[in-house]
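Summary of structural features
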Amino acid sequence: LQVIFVGDFFQLPPVSRGENVRFAFDSDAWKAANPVVCYLSEQHRQEDAAFLDLLNAVRRGEVEDVHYESLRSRMKRVSEKKKVTRLHTHNAEADRINDESLAEVDGKTHVFQMTTKGSRTLVDALKQNALSPETLVLKEGATVMFTRNNFDMGYVNGTLGEVVGFANSGYPIVKTKRGDRIEAVPGEWSIADGSKILAQIKQVPLRLAWAITV
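Numbers given to residues run from 1 along each chain, matching the order in which its sequence is written. It should be noted that, the model being predicted, local features are given only for residues of pLDDT at least 70 and side-chain atom pairs only at 80 or more, the latter also being counted only at that level, while totals for whole chains, interfaces and linings use all residues. Excluded from the side-chain calculations are hydrogens and water; all other atoms, namely the structure's heavy atoms, are used.

Observations concerning the sheet that holds strand β9 (residues 187-193)
Whether parallel or antiparallel, the strands of a sheet pair through hydrogen bonds between backbone atoms. Strand pairing follows a simple DSSP-based rule, namely that at least 2 bridges must link the two strands. In DSSP terms, a helix is any run of H or I states spanning at least four residues, a strand is any run of E spanning at least two, and both are numbered starting from the N terminus. Spatially, β3-β10-β9 is the arrangement adopted by the 3 strands of the open sheet, whose pairing is antiparallel. Bordering the open sheet on either side are β3 (115-118) and β9, each of which pairs with just one other strand. On average, each strand axis in the sheet is inclined to that of its neighbour by 10 degrees, with strand direction left out of account. Strand direction decides the pairing type here: β3 and strand β10 (residues 196-203), joined by 4 bridges, are antiparallel. Within β10, the residue paired with glycine 118 across the bridge is alanine 199. This element, helix α5 (residues 120-129), spans β3, β9 and β10 of the sheet and lies at about 45 degrees to β10. The convention used is that axes are lines fitted to C-alpha atoms, helices contributing only their stretch in contact, and that angles between N-to-C directions extend from 0 to 180 degrees. By definition in these notes, contact holds between two residues if any of their heavy atoms fall within 4.5 Å.

Laid out in structure tokens, this is it:
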């Protein structure tokens, strides 16, 4: 059995309920497996040299004055009335802010339930990777973010907007930051073997976005 492990140990440290936090490569199982390690060193997502230098400094924990100044140059003051998405490190904190913010919005609640089919194990894997929740609760006036790419519809994963109403179909109408109005019809996430669909989930491709995790 051949296994490929893919990951980045410069990202978040291991999740642990105790004080003895150990990385995977410190385990006896890792040492027994004795894997061949290949480092991916070429960056394809960014071409801006200054930005790349900043990103690498942050991930190495070697941020210097020049990097702080670069970050400060991008800061803007916004009024308290302006809706700005807040970044948090834990889902629980982001969920709390989103739930509290939604509760403050007047109006009718609309609930969208995820539908699934296929192997339970594969469906669970799809749920973990889909950013839309199993139960999506929205109101007119809710701050939302699209959770997948759909270039034909005019949005990508991360497009921010506000629910400005609900179409005759019942699905939310989102006004994006650049002013486009998009009916957010359900999207599909699936695992296929050739033309055969092994597992599939369907949900409105949105999540609340008063706060999100990094």
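Some words on the sheet that holds strand β8 (residues 181-183)
Strand order in the open sheet made by the 5 strands is β8-β7-β6-β5-β11, with antiparallel pairing throughout. The open sheet has two edge strands with one neighbour each: β8 and β11 (206-208). Pairs of neighbouring strands in the sheet enclose a mean axial angle of 45 degrees, with direction left out of account. Note that strand β5 (residues 143-146) and β11 share 3 bridges and pair antiparallel. Residue pairing for β11: phenylalanine 146 is matched across the bridge by leucine 206.

Overview of a nonpolar patch on the surface
On the surface, Leu1, Val3 and Phe5 cluster together to form a nonpolar patch covering roughly 430 Å² of accessible area. You can call phenylalanine 5 exposed: its relative accessible area is 56%. Within the patch definition used here, like charges are joined within 9 Å and nonpolar side chains (Val, Leu, Ile, Met, Phe, Trp, Tyr) within 5 Å, considering only residues with over 30% relative accessible area and no salt bridge. Using a 1.4 Å probe, accessible areas were evaluated by the Shrake-Rupley method; residue-level cover was limited to the displayed protein chains. By convention in these notes, a salt bridge is any Lys or Arg side-chain nitrogen within 4 Å of a carboxyl oxygen on Asp or Glu. Per-residue accessibility, obtained with a 1.4 Å probe over protein chains only, is compared with the maximum for each type, and a residue is labelled buried under 20%, exposed over 50%, and partly exposed between these values.

Focus on the pattern of salt bridges
Close approach of charged atoms lets side chains of opposite charge pair. Taken as a whole and judged by the stated rule, the model has 8 salt bridges. A salt bridge links glutamate 62 to arginine 60; the shortest N-O distance between them is 3.0 Å. With relative accessibility at 44%, the residue glutamate 62 sits in the partly exposed group. Overall, arginine 60 belongs to the partly exposed group, its relative accessible area being 41%. Salt-bridge contacts for arginine 96 lead to glutamate 93; the nearest nitrogen and oxygen are separated by 2.6 Å. Of this pair, arginine 96 and glutamate 93 both sit in helix α4 (residues 91-103), 3 residues apart, which is roughly one turn of that helix. Three or more residues are tied together by salt bridges with common partners; here these are Glu93, Arg96 and Glu100.

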